[in-house]
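Structural overview
These are the residues of each chain, in order.
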Amino acid sequence: MSTPPDPAPAPELEIVHLLRAVTVELGLHSARFAQRHGMHPTDVRALIALMDARRAGEEMSAGRLGAVLGLNSAGTTALVDRLERAGQVRRVRGAQDRRKVVVEVQDRAVELGWAFFGPLIERSVELLRGYDEHQLAAVRGFLHGVREAAAGAE
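Residues numbered from 1 in each chain as written. Predicted model: local features only at pLDDT ≥ 70, side-chain atom pairs only at ≥ 80, totals over all residues. Heavy atoms only, no water.

**A few points about the packing of aromatic side chains**
Using the following cut-off: The aromatic pairing rule takes the rings of Phe, Tyr and Trp, using the six-membered ring of Trp, and pairs them if the centres are within 6.5 Å, calling planes under 30 degrees apart stacked, those over 60 edge-to-face and the rest tilted. Starting at the N terminus, helices and strands are each numbered in turn, a helix being any DSSP run of H or I of at least four residues and a strand any DSSP run of E of at least two. To sort residues, take the accessible area from a 1.4 Å probe on protein chains only and compare it with the maximum for the residue type: under 20% means buried, over 50% means exposed, and anything in between is partly exposed.
The final tally for this structure, using the stated rule, is three aromatic pairs. Consider the rings of Phe33 and Phe116, whose centres lie 5.2 Å apart with planes at 55 degrees: the pair is tilted. Here Phe116 lies in helix H5 (residues 107-128) and Phe33 lies in helix H1 (residues 11-36), a separation of 83 residues in the sequence. By relative accessible area, which is 3% here, Phe33 ends up buried. Here Phe116 falls in the buried class, since its relative accessible area comes to 14%. Here Phe33 and Phe117 contribute two aromatic rings whose centre-to-centre distance is 5.1 Å and whose plane-to-plane angle is 50 degrees, an arrangement assigned as tilted. Separated by 84 residues along the polypeptide, Phe33 in helix H1 and Phe117 in helix H5 bring together distant segments of the chain.

**Quick word on the packing of helix H3 (residues 62-69) against helix H4 (residues 73-85)**
For clarity, the cut-off: Axis definition: a line fitted to C-alpha atoms, over the contacting stretch in the case of helices. Angles run 0 to 180 degrees between N-to-C directions. Any angle that falls under 35 degrees is termed roughly parallel, while one over 145 is termed roughly antiparallel, one within 65 to 115 roughly perpendicular, and all others oblique. Residues count as neighbours in contact if any of their non-hydrogen atoms are within 4.5 Å of one another. The nonpolar class holds Ala, Val, Leu, Ile, Met, Phe, Trp, Tyr, Cys and Pro. Asp, Glu, Lys and Arg form the charged class, and all remaining residues, Gly among them, are polar.
The interhelical angle for the contact between H3 and H4, taken along N-to-C directions, is 110 degrees, at an axis separation of 9 Å. Put simply, H3 runs roughly perpendicular to H4. Taken together, the residues of H4 that come into contact with H3 (itself represented by Ala62, Leu65, Gly66 and Leu69) are Thr76, Leu79 and Val80. Considered class by class, the residues forming the contact of H3 with H4 number five nonpolar, two polar and no charged.

**Details of the layout of surface pockets**
How we decide: Cavity means a closed set of points on a 1 Å grid over the protein atoms alone, one where a 1.4 Å probe fits but cannot get out, pocket means an open set with protein on both sides within 12 Å along at least 5 of 7 lines, and lining means a residue has an atom within 4 Å of a point. Grid points are joined across faces, edges and corners, and a volume is the space filled by probe spheres set on the points.
Its boundaries defined by the atoms lining it, the largest pocket holds a volume of some 2,600 Å³. Taken together, 46 residues make up the lining of the largest pocket; nearest its centre are Val22, Leu26, Ile48, Asp52 and Leu143. For the lining of the largest pocket, the secondary-structure elements that each account for two or more residues are H1, helix H2 (41-56), H3, H5 and helix H6 (133-152). Among the elements that line the lining of the largest pocket, the one with the most residues is H5, at twelve residues.

**Describing the nonpolar core**
Our working rule: Think of a nonpolar core as a cluster: buried Ala, Val, Leu, Ile, Met, Phe, Trp, Tyr and Cys residues, connected wherever their side-chain atoms sit within 4.5 Å.
Counting residues in each nonpolar core, the largest one holds 22 residues, and the members touching the most others are Leu47, Leu50, Leu65 and Val89. For this core, the element with the most residues is H2, which contributes seven residues.

**Some remarks on the side chain of Thr76**
Examined against the element boundaries, Thr76 turns out to sit in helix H4. Note on Thr76: relative accessible area 4%, which makes it buried. Once residues lying within four places of it in the same chain are set aside, the contact partners of Thr76 are Ala62, Gly66 and Leu71.

**Describing the packing of H2 against H5**
Running from N to C, H2 and H5 cross one another at 110 degrees; their axes reach a closest spacing of 11 Å. Classified by the interaxial angle, the pair formed by H2 and H5 is roughly perpendicular. When H2 is examined against H5, the residues Leu47, Met51 and Arg54 are found in contact with a partner set consisting of Asp107, Ala109 and Val110. Among the residues forming the contact of H2 with H5, the class breakdown is four nonpolar, no polar and two charged.

In structure tokens:
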């Protein structure tokens, strides 16, 4: 069993604690969005994954979406059905393989998300504009590293 860290944390541990606090606040912000729009938190995570895929120019099958979200096939089907009924997504034939069905986020969902999350995104971009290229590279590297560590954590 490990012992707890000293009461006065090292600067690195202070940053880890700040990251944890930011994660909690972002989760609460996302939960407020979900509640306000009658969504499940998983619906919001799915829309984010679909928007990220769209921004990257990638197609997202229901199976891949389920894998990203950690859902089984039945849960993924229920999720996509729910979002489709709400007009947030649609199922379409794949552009590269017409036999494949992909899930696309609708512009309406993007607009809804931007109306709620836009001010936070704009404030974050404004903060980042105060950093030079070396600082931005450090922030980017740190966040990529934490993301990889979290993805590999059991």
